[in-house]
Amino acid sequence: MDTGGRRARSPGGLPPVGQGISVHRVMGTETEYGIIAPALPSANSTLLSSQVVNAYAATLREGLGNLAGTRWDYTDETPLTDARGYRMDRARAHPSQLTDESEELTAEQIALERGEPAEAAVLMNLVLNNGARLYVDHAHPEYSSPEVTNPLDAVLWDRAGDLVAITAMERIAATPGFSPVILYKNNTDNKSVSYGSHENYLVPRSVPFPKLAEALIPFFVSRQVICGAGRVGLGPLNQEPGFQISQRADFFENEIGLETTVRRPIINTRDEPHAVAEKYRRLHVIIGDANLHEVSNYLKVGTTALVLALIEQGLAPVPVLEDPVEALHAISHDASLTTTVRLTDGRMMTGVELQELYCEAVLAALPADADEQTRDVVDRWQALLVTLRRDPMDAARHVDWIAKLKVLEAYRARDGLAWTDPRLALVDLQYADLRTERGIYQRLARRGDVELLVDPADVARAAVEPPRDTRAYFRGRCIAEYPAQVVGASWDSLIFELPGERRLQRVQTREPLRGSAALTEELFDAAADAEDFLARLLSGPDRRVSP
Amino acid sequence: MASQDRITTGGSSSESEEELPEPVPSAPAAQESTQTQGVDDLLDEIDGVLESNAEEFVRGFVQKGGQ
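Residues numbered from 1 in each chain as written. Chains lettered and ligands numbered in written order. Predicted model: local features only at pLDDT ≥ 70, side-chain atom pairs only at ≥ 80, totals over all residues. Heavy atoms only, no water.

## Overview of the nonpolar core
With 142 residues, the main nonpolar core has Leu-216, Trp-381 and Leu-388 of chain A as its most contacted residues. Listed in part, the 23 residues of the second largest apolar core include Trp-72, Leu-523, Leu-537 and Val-545 of chain A. (Core = buried A, V, L, I, M, F, W, Y, C linked by side-chain atoms within 4.5 Å. Buried < 20%, exposed > 50% of the residue type's maximum accessible area, 1.4 Å probe, protein only.)

Set out below in structure tokens:
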């Protein structure tokens, strides 16, 4: 599908990474969904999450497509490696940081809980033929999108994840003997717990990490005004009544750090590139809210890609905040957008003003021949900031927190509700309910109250087809073509087990822009079977997959 | 927490920054603009799908920590 013009392709047909001011770069999103089974209040959440994974697997087996219900290949995962240049001692790490070990409950334990024999095939991890991963992450089902090269595709394959979640949820509801589960695209239970939606951006390793951190901190502190998802309740324990802009803000306590589940930092230093480590780092962004509004999501990743481009060119503003964590909370707690935060040079700025600083820097650096999508992101960003200055409520069609606040304020006005009223908490929760009938965002979208960027037919296709311009194409297509032979997978490898061969064959995909359709489609079309495919792929001077 | 909220409400002080709107008994009396009409429609629609026992439902939404 066409997702907007691309500029300045390198001779190999690969979009540039780290060249020029553009929104194009390798990126991806991760969503941990909130999950409950209302009729089973004490159900184990890992168990419920595994039901989601297995329900989707069952749907695929019935003809939607293929999957690799496989071992995740953890060989290249290094969650304790710090981008600042050292490793954390495993013994000092919080157990939830050991993401390269399997989940708390094993598949065998889950089978036992379900009263099934331990060897029954309970899947905890799927690699989908759209190149995504659907798995049980601690106590939540998580969808990690395939690698894409631009914000519009990021929105499309993120939306595809929501469709995967909805499909699984509907399947469970329709399965006799199973209690329906509800999935929520939100980030807190509003008791004490937060769960993430993460973004990943490929960045050249040559950019020093401190340069990234200093420019990104004030950007991330203020970014919530354009893409926060809104929350009823203040404080990590919801200890004060009120409304705030961000779901996640109150759960962040540090500026920089390795953790993602405790003492959460604005800048996460996990250095796990899932790619050629000498060339790239993967910036792992943990501070975003999960977005339902497509425009919020588009601007979240689009503006971040632009700021990364500024940093790489040495053109990023660095408005150093006196206390970034406090500023993050203060901006989130003021829906009027008038609260100012202090910079070390003495200036006081609002969140909108901080965003304007970055937007102006992009405008100043934008080449005259900027591609269509880059220009679209910049235009929307600029226009939204003008609207936010004039009257934030005018941006309800484009921004999650504003759409949510508008509904909440309407309830408050009609029924005279205080912020402590449980009905407002319910509106907050049900805004993120993914059920098409019950979800409030879903209702707003159907009424035409929000702007949509991607066509539902394209979303349906993206749930079963990989992007064509990254290694996700290779991964997804291998799974589609050779489901029986692919026995393991990860972001940067696929493991084949060929009939009659005793050794497994591991194909590395460490270059995110190789393995694209342009480089491998013909090979897939020509190969007779998995063995023939691997023989063709691995013979000769071929750089279609790995460098 | 839902239960804490209630305690705070009962306690007294919690509404410091937000002025409580007059509890207008939802008389549609002077609502003329189409925008207000749209909001009314929307609230009617949402009323129809909101979980029935708000307090209990919200209290039951308990998650384990994530990333």
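## Focus on the pattern of salt bridges
In total, this model carries 44 salt bridges over all chains according to the counting rule given. Residues Glu-214 of chain A and Lys-211 of chain A are paired through a salt bridge, measuring 3.7 Å at the closest nitrogen-oxygen approach. Of this pair, Glu-214 of chain A and Lys-211 of chain A are both found in helix α4 (residues 209-227), three residues apart, which corresponds to roughly one turn of the helix. In this structure Glu-214 of chain A comes out as partly exposed when scored by relative accessible area, which is 35%. Connected via shared salt-bridge partners are Glu-437, Arg-443, Arg-446, Arg-447 and Asp-449 of chain A together with Glu-45 of chain B. (Salt bridge = Lys/Arg side-chain N within 4 Å of Asp/Glu carboxyl O. Helix = DSSP H or I, 4+ residues; strand = E, 2+ residues; numbered from the N terminus.)

## A closer look at α4 of chain A
Helix geometry: α4 of chain A is bent most strongly at Val-221 of chain A, by close to 35 degrees. Within α4 of chain A, 16 of the 19 residues are buried, which leaves it mostly tucked inside the rest of the structure. (Bend = angle between axes of the 7 residues up to and from the residue.)

## Here we look at the interface of chain B and chain A
Across the boundary between the two partners, chain B contributes 40 residues, which contact 61 residues of chain A. For the pair chain B and chain A, the summed buried area comes to about 4,300 Å², and 57% of that belongs to carbon and sulfur atoms. The largest contributions to the chain B side of the interface with chain A come from Phe-61, Gln-63 and Gln-67 of chain B, which together make up 21% of the buried area. Applying the counting rule to chain B against chain A returns six salt bridges. In this structure, the salt-bridge partner of Arg-438 of chain A is Glu-51 of chain B, at a minimum N-O distance of 3.6 Å. Run the count over chain B and chain A and you get 14 residue pairs in polar contact (both at pLDDT 80 or more). Only α1 (2-11), α2 (34-49) and α3 (54-60) of chain B provide two or more residues apiece to the side of chain B that touches chain A. Among the elements that line the side of chain B that touches chain A, the one with the most residues is α2 of chain B, at 11 residues. Residue composition of the side of chain B that touches chain A, by class: 16 nonpolar, 11 polar and 13 charged. (Contact = heavy atoms within 4.5 Å. Buried area = accessible area lost by both parts, 1.4 Å probe. Polar contact = N/O pair within 3.5 Å; in protein donor to acceptor, adjacent residues only side chain to side chain. Nonpolar A, V, L, I, M, F, W, Y, C, P; charged D, E, K, R; others polar.)

## A closer look at the environment of Leu-123 of chain A
Take Leu-123 of chain A: it is sitting in the loop between α2 (107-113) and β7 (125-128). Here the alpha-carbon distance between Leu-123 of chain A and Val-53 of chain A, two residues 70 residues apart in the chain, equals 6.7 Å.

## So, the UniProt feature "modified residue: Deamidated glutamine" (unreviewed entry) in chain B
The sites that UniProt annotates as "modified residue: Deamidated glutamine" (unreviewed entry) are Gln-67 of chain B. Within the secondary structure layout, Gln-67 of chain B lies in the segment after α3. (UniProt positions renumbered as here; feature names shortened; annotations may be inferred.)

## Points about helix α6 (residues 324-332) of chain A
All names here are of chain A. Among the residues of α6, those classed as buried are Pro-324, Val-325, Ala-327, Leu-328, Ile-331 and Ser-332. When α6 is viewed along its axis, its buried side chains cluster within an angular range of 160 degrees and face the same direction. Contacts from the buried residues of α6 go to α4, β13 (240-244), β14 (252-257), β15 (264-268), β17 (340-342) and α7 (351-365). (Arc of directions from axis to C-beta.)

## Let's talk about the side chain of Arg-159 of chain A
All names here are of chain A. Summarising the element assignment, Arg-159 is placed in helix α3 (residues 151-173). We classify Arg-159 as buried; its relative accessible area is 14%. Reaching out from Arg-159, the side chain makes a polar contact with the side chain of Tyr-441 at a distance of 3.3 Å. Beyond its immediate stretch of four places on either side in the chain, Arg-159 contacts Lys-185, Leu-292, Glu-294, Tyr-441, Val-454 and Val-459.

## With respect to unusual backbone geometry
All names here are of chain A. One non-glycine residue, Arg-263, lies in the positive phi region at around 40 degrees. One can find Arg-263 in the loop between β14 and β15. Judged by relative accessible area, which is 42%, Arg-263 ranks as partly exposed. With a phi close to 50 degrees, His-274 is a non-glycine residue in the positive phi region. In this structure, His-274 sits in the loop between β15 and β16 (280-285).

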